[in-house]
Every structure is written in C-alpha cells, then in structure tokens.
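Inside the fold
Read off the chains here:
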Amino acid sequence: MSGRFTLHGSPHSLPTYRVALMLRLCRTGFTFRYISFQRGMHRTQEFRALSRWGQVPVLEDEGRVFLQSAAILEYLADKLGCFGAANVKAGQQVREWLFWDADRLMPPLYAWYSIELGRRNLLPLSFDPVLVAEFERKGRAALDVLDAHLSGCPFLVGDRATIADICCYGEVAFARLSNRDLSAWPSVVAWAGRIEALPGFTEPFNLLAMRDAEIAP
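This section reports on the structure supplied with the text.

Reading the values: rules and limits
Residues numbered from 1 in each chain as written. Predicted model: local features only at pLDDT ≥ 70, side-chain atom pairs only at ≥ 80, totals over all residues. Heavy atoms only, no water. Phe/Tyr/Trp six-rings, centres within 6.5 Å; stacked < 30°, edge-to-face > 60°. Helix = DSSP H or I, 4+ residues; strand = E, 2+ residues; numbered from the N terminus. Buried < 20%, exposed > 50% of the residue type's maximum accessible area, 1.4 Å probe, protein only. Salt bridge = Lys/Arg side-chain N within 4 Å of Asp/Glu carboxyl O. Axes fitted to C-alpha atoms, helices over the stretch in contact; angles between N-to-C directions. Parallel < 35°, antiparallel > 145°, perpendicular 65-115°, else oblique. Left-handed = near helix turned anticlockwise from the far one by under 90°. Contact = heavy atoms within 4.5 Å. Nonpolar A, V, L, I, M, F, W, Y, C, P; charged D, E, K, R; others polar. Core = buried A, V, L, I, M, F, W, Y, C linked by side-chain atoms within 4.5 Å. Disulfide = S-S within 2.5 Å. Pairing = 2+ DSSP bridges.

Things to note about the packing of aromatic side chains
Counted according to the given criterion, the structure contains nine aromatic pairs. Judged by centre distance (6.4 Å) and plane angle (15 degrees), the rings of Tyr110 and Tyr113 are stacked. Placement of the pair is Tyr110 and Tyr113 together in helix H4 (residues 88-119), with a separation of three residues, close to one helical turn. The exposure class of Tyr110 is partly exposed, given its relative accessible area of 22%.

Structure follows, in structure tokens:
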C-alpha cells in the first residue's frame with residue numbers, strides 16, 4: 001500500500017527524482033502521478049490548479065500542496081523525522097547547500113542530461129555549441145567545488161546523510177544517465193557510493209516510470 005503522499009512528476013525530471021528518493025529512503029510509500037510534458041499535461045487546468053508555475057514535482061499531503069523540490073525535501077525531513085540536520089548550525093549549512101545546488105550544480109549538470117537526450121534523438125532538443133561549452137565549464141567547476149569539500153568529510157554536512165546530500169546526489173545520478181565519466185572527481189564518486197549504500201536506495205528509472213504507480217515503502 002502507498003502512503004498518504006501523492007507525488008506528481010516525471011522520471012526524466014531530476015527534481016522529481018530527489019523527492020521520490022527521499023520518500024524511498026525514508027521507507028515511505030507514495031502514489032506517483034506521471035506528468036507528460038510532451039503530451040502537455042503540465043498545461044492542463046487540473047495540473048495548474050496544483051502547480052501555479054506548471055512545474056514538477058508537486059507533492060500532496062493531507063490536503064496540502066507543496067512545490068519546489070528543495071522546499072519539499074525540507075518539509076519531508078521535518079514531517080518524517082529523517083535526513084534532517086543535527087542542530088541549528090548544521091541546519092543553516094544544509095540550507096546553504098540546497099541554495100548552492102540550485103545556483104551552481106543543477107543548472108549545468110541537468111543541461112548535460114538534456115543535451116544527451118537531444119543527441120540520442122529521444123527529444124527534439126538541440127543546443128548551440130557555445131552554450132554546450134559553457135555548460136561543460138560550469139558543470140566541471142561545480143564538481144570541483146563539491147569534490148574539494150567531500151575530500152575531507154563523508155557527507156556534505158556532518159557525518160551522516162541529510163537532505164543536502166539527497167538533493168545534490170540527484171545531479172550525479174543524472175550526470176551518469178548522460179554517460180558522463182566522473183572519475184576526475186574521486187571524492188564525489190566515493191560520496192555517491194555512500195548514498196547508494198543507504199537502505200532503500202533506488203536508481204532513477206528503477207524508482208519511477210512513465211506511468212501512474214503505487215510505490216511501496
């Protein structure tokens with residue numbers, strides 16, 4: 001049986017995966033509602049009533065609606081009592097990583113995934129080579145920062161995984177789906193391995209598919 005949560009999103013959506021992974025690692029079942037952007041489901045009146053920006057993911061819980069993956073992760077950490085910060089100081093550091101990810105890590109690495117989908121003709125996407133080069137530069141620079149930090153600690157904040165790790169791990173997972181070699185960042189690779197060793201961990205397309213589903217705890 002699924003839990004009380006309903007998650008609207010797409011398996012191709014990195015932010016959707018973050019939330020699904022959080023629920024999975026917290027051993028919490030949920031109902032998944034697939035939103036197809038190619039079929040324009042994000043523009044329907046029904047969906048826009050939930051998501052004022054027409055974006056995924058959307059999480060419903062007990063009559064309330066939550067938007068934006070990082071904010072949803074914060075809500076779930078508090079609601080479910082898992083992967084939260086150990087104290088107030090750590091909480092501030094976790095939030096700083098969430099904002100850093102949105103500013104520096106996610107934009108170029110998620111772009112790598114879009115570029116790969118276009119290259120494989122899975123979506124009608126094409127990018128100017130100058131833009132591709134800029135995504136490459138920014139992505140490598142962000143991974144350099146992440147690798148340097150992780151060279152001295154097992155997780156982003158403290159000695160256990162938090163929502164900061166779940167958030168940033170999504171980018172690494174989608175970089176791998178983009179056929180990117182991450183061996184130049186060994187601390188990132190080792191950290192990703194520690195996330196993947198957590199009980200309940202599931203890879204993106206093993207967790208979500210392009211159909212509605214009931215996801216067991």
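Describing the pattern of salt bridges
A side chain of one charge can pair with a side chain of the opposite charge if their charged atoms are brought near each other. For the coordinates displayed, the defined rule picks out 14 salt bridges. Close ionic contact of Glu62 with Arg4 constitutes a salt bridge, the shortest N to O distance being 3.7 Å. Residue Glu62 is found in the loop between strand E3 (58-61) and strand E4 (64-67), and its partner Arg4 is found in the segment before strand E1 (5-9); the two are separated by 58 residues along the sequence. Overall, Glu62 belongs to the exposed group, its relative accessible area being 60%.

Digging into the packing of H4 against helix H5 (residues 129-150)
One way to put it is that H4 packs onto H5 with a least axis distance of 9 Å and a crossing angle of 135 degrees. Comparing their axes, H5 and H4 come out oblique. Crossing angle aside, the handedness with which H4 passes H5 is left-handed. Here Trp97, Trp100, Arg104, Leu105, Pro108, Leu109, Ala111, Trp112 and Ile115 of H4 lie close against H5, whose contacting residues are Val132, Phe135, Glu136, Lys138, Gly139, Arg140, Ala142, Leu143, Val145, Leu146 and His149. For the contact of H4 with H5, the residue count by class is 14 nonpolar, two polar and four charged.

Overview of the nonpolar core
Of all hydrophobic cores here, the largest spans 64 residues; its most connected members are Met22, Phe83, Leu146 and Trp191. Looking at this core, the elements with two or more residues in it are E1, helix H1 (14-25), strand E2 (30-34), helix H3 (69-80), H4, H5, helix H6 (163-177) and helix H7 (186-196). Counting residues per element, this core draws most heavily on H4, which supplies 11 residues. When residues no more than four places from it in sequence are discounted, the contact partners of Leu146 are Trp97, Trp100, Leu105, Leu156, Val188 and Trp191.

Some thoughts on the packing of H1 against H4
Two elements in contact, H1 and H4, have axes whose closest approach is 11 Å; the angle formed by their N-to-C orientations is 115 degrees. The angle between H1 and H4 falls in the class roughly perpendicular. Here H1 contributes Leu14, Pro15 and Arg18 to the contact with H4, which in turn contributes Asp101, Met106 and Tyr110. Partitioned by chemical class, the residues of the contact of H1 with H4 number four nonpolar, no polar and two charged.

Section: the state of the cysteines
Here the structure, examined in full by the defined rule, presents one disulfide. The residue that forms a disulfide with Cys26 is Cys82, at a sulfur-sulfur distance of 2.2 Å. On the sign convention where negative means left-handed, the S-S torsion of about 105 degrees between Cys26 and Cys82 marks this disulfide as right-handed. With Cys26 in the loop between H1 and E2 and Cys82 in the loop between H3 and H4, this residue pair connects regions lying 56 residues apart in the sequence. The pair formed by Cys26 and Cys82 is uniform in burial state, with each residue classed as buried. A disulfide-free cysteine, Cys153 has its sulfur positioned 12 Å from the sulfur of Cys168, the nearest such atom. The class of Cys153 is buried, set by a relative accessible area of 19%.

As for the side chain of Ser178
Relative to the assigned elements, Ser178 resides in the loop between H6 and H7. Accessibility expressed as a relative area gives 3% for Ser178, which makes it buried. Beyond its immediate stretch of four places on either side in the chain, Ser178 contacts Trp112, Tyr113 and Glu116.

Looking at the sheet that holds E2
Reading across from one edge, E4-E3-E1-E2-E5 is the order of the five strands in this open sheet, with mixed pairing throughout. Of all the strands in the sheet, the pair left with one neighbour each is E4 and strand E5 (213-215). On average, adjacent strands in this sheet sit at an angle of 25 degrees to one another, irrespective of strand direction. With three bridges connecting them, E2 and E5 associate as antiparallel partners. In the sheet register, Phe30 faces E5, and the bridge partner there is Ile215. Here H1 sits on the sheet in contact with E1, E2 and E3, set at roughly 155 degrees to E1. Strand contacts of H3: E1, E3 and E4, with the helix running at about 130 degrees to E4, the strand carrying the most contacts.

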